[in-house]
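# Close look at the chain arrangement
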Amino acid sequence: MDDRRRPVLRWGVACAVAAACGLSPVVADAAEPLDYVALGDSAAAGPLIPGPDPNLACLRSTRNYPRVAAEALGARLTDATCSGAEITDFTGRQHGFLPPQFDALSAATDLVTVTIGGNDVDLVGAAVSCLNAFPEPFGKSCADEFTGDGRDELSSRIAAIEGDLDAALAGIADRAPNAEVVVAGYGTYIRPGGCYPKEPIWARDADYIQSSVDELSDLLRDRATAHGAEFVDIGAISEGHDVCAAPQDKYLEGVLPTSVAAPLHPNARGMAAFGRAVAESVREQAARTPADDAA
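Structural notes, computed from the coordinates. No experiment lies behind these values; they were computed from the predicted model shown. (Residues numbered from 1 in each chain as written. Predicted model: local features only at pLDDT ≥ 70, side-chain atom pairs only at ≥ 80, totals over all residues. Heavy atoms only, no water.)

### Some remarks on the overall build of the protein chain
The condition is simple: Here a strand is any run of E in DSSP of at least two residues, a helix any run of H or I of at least four, and the numbering for each starts at the N terminus. Categorising residues by exposure relies on relative accessible area from a 1.4 Å probe, with only protein chains included: less than 20% of the type maximum marks a residue as buried, more than 50% marks it as exposed, and the intermediate range marks it as partly exposed. Should any heavy atoms of two residues lie within 4.5 Å, those residues are counted as being in contact. The accessible surface values rely on the Shrake-Rupley method and a 1.4 Å probe; as for residues, cover is taken only from the protein chains in view.
Within the protein chain, the secondary structure is distributed over 11 helices and 5 strands. Looking at the protein chain as a whole, 49% of its 295 residues qualify as buried. Pairs at least 24 apart in sequence give 71% of the contacts found in the protein chain among residues at least 6 apart. Surface exposure of the protein chain reaches about 12,800 Å², of which carbon and sulfur atoms provide 56%.

Here's what the structure looks like:
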């Protein structure tokens, strides 16, 4: 990050913390709010969560994690997240008419969050293909289907987007050279062994799908680190709050949602937890920056 912008980021976060702690509003108002741009797919957009954004084409909620993080930081948010987005939609027109998500970036941007890749490897489609109405052996194992020829199809898809992720992170740095970048991974959707028949996916298939989600998150972590970005581990935050949890404990919904949210996506409770984690990551980075500058 450009050193000229670091004091602005630190001051903006400090003021957000001051406001949260009930300190003088004069102090809080003295700083220019962070210019925050959120990029990504439905895992960030929050489809069907109550409080829809006026841009109905993106099925974006006003209670998604970017909104939660922005409120916690006192930031000025431009939310470009969009359900169904792939990496190509950062620079191209999604659905043929939506502007590229990168259009929201500029040299004035202080903070960027990113969640992307799930649609590029079709993780939701893969998970749906794993559903079985009957217990073994009556049906087909998706794990067998994806690995039957000795090659892990989902793992290959994930590895294939590494270069695209690198290009995307480099593109963010080019367009928003003064911004802190935070990459958020994907959740722990289902616990080891699953919870058949509550969620109609066999144990070994549940483990296979979650391991693929984890592999994608690991790639996001790796590429974020390589590009000097922060990484927020949504998988760790959502452990114990997966689709098998009690309705009041879920952060992620299953095939048949128990709260108002899209199937196999975060709900409002999850978005609140993820947004708090993103805000905390930004605050921690801001707290480390003075020592970095002094060095």
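Next comes the rest of the write-up.
### Observations regarding the pattern of salt bridges
Using the following cut-off: Whenever Lys or Arg places a side-chain nitrogen within 4 Å of a carboxyl oxygen from Asp or Glu, that contact is recorded as a salt bridge.
Taken as a whole and assessed by the stated rule, the structure comprises 15 salt bridges. The salt bridge involving D35 is made with R76; its shortest N-O contact spans 2.8 Å. One end of the pair, D35, is in strand β1 (residues 35-40); the other, R76, is in strand β2 (residues 76-79), and 41 residues separate them in sequence. Of the residues examined, R76 reaches a relative accessible area of 38% and is grouped as partly exposed. The partner of D166 in a salt bridge is R223, and the shortest N-O contact between them spans 2.8 Å. Of this pair, D166 sits in helix α8 (residues 162-175) while R223 sits in helix α9 (residues 203-226), and the two are 57 residues apart along the sequence. For R223, a relative accessible area of 14% corresponds to the buried category.

### Observations concerning the sheet that holds strand β5 (residues 230-232)
The test is simple: At least two bridges found by DSSP between two strands are what make those strands a pair. The convention used is that axes are lines fitted to C-alpha atoms, helices contributing only their stretch in contact, and that angles between N-to-C directions extend from 0 to 180 degrees.
The strand order β2-β1-β3-β4-β5 describes an open sheet built from 5 strands, whose pairing is parallel. The two strands at the open ends of the sheet, each matched to only one other strand, are β2 and β5. Averaged over all neighbouring strand pairs, the angle between strand axes comes to 20°, with direction disregarded. The strands that α8 touches are β1, β3 (111-115) and β4 (180-184); relative to β4, the one it contacts most, it runs at about 155°.

### Some points on the nonpolar core
What counts is decided by this rule: What we call a nonpolar core is a set of buried Ala, Val, Leu, Ile, Met, Phe, Trp, Tyr and Cys residues that are connected through their side-chain atoms within 4.5 Å.
Counting residues in each nonpolar core, the largest one holds 74 residues, and the members touching the most others are L39, V112, I172 and I209. Considering each element in turn, this core owes the most residues, 8 residues, to α9.

### Focus: the side chain of D89
We apply this condition: Positive charges come from Lys and Arg, negative ones from Asp and Glu, while His and the chain ends are left out of the count.
Structurally, the position occupied by D89 is in the loop between β2 and β3. Salt bridges are absent for the buried D89, whose nearest opposite-charge side chain, R93, sits at 10 Å. Once residues within four sequence positions are removed from consideration, D89 is found in contact with G84, Q94, P100 and Q101.

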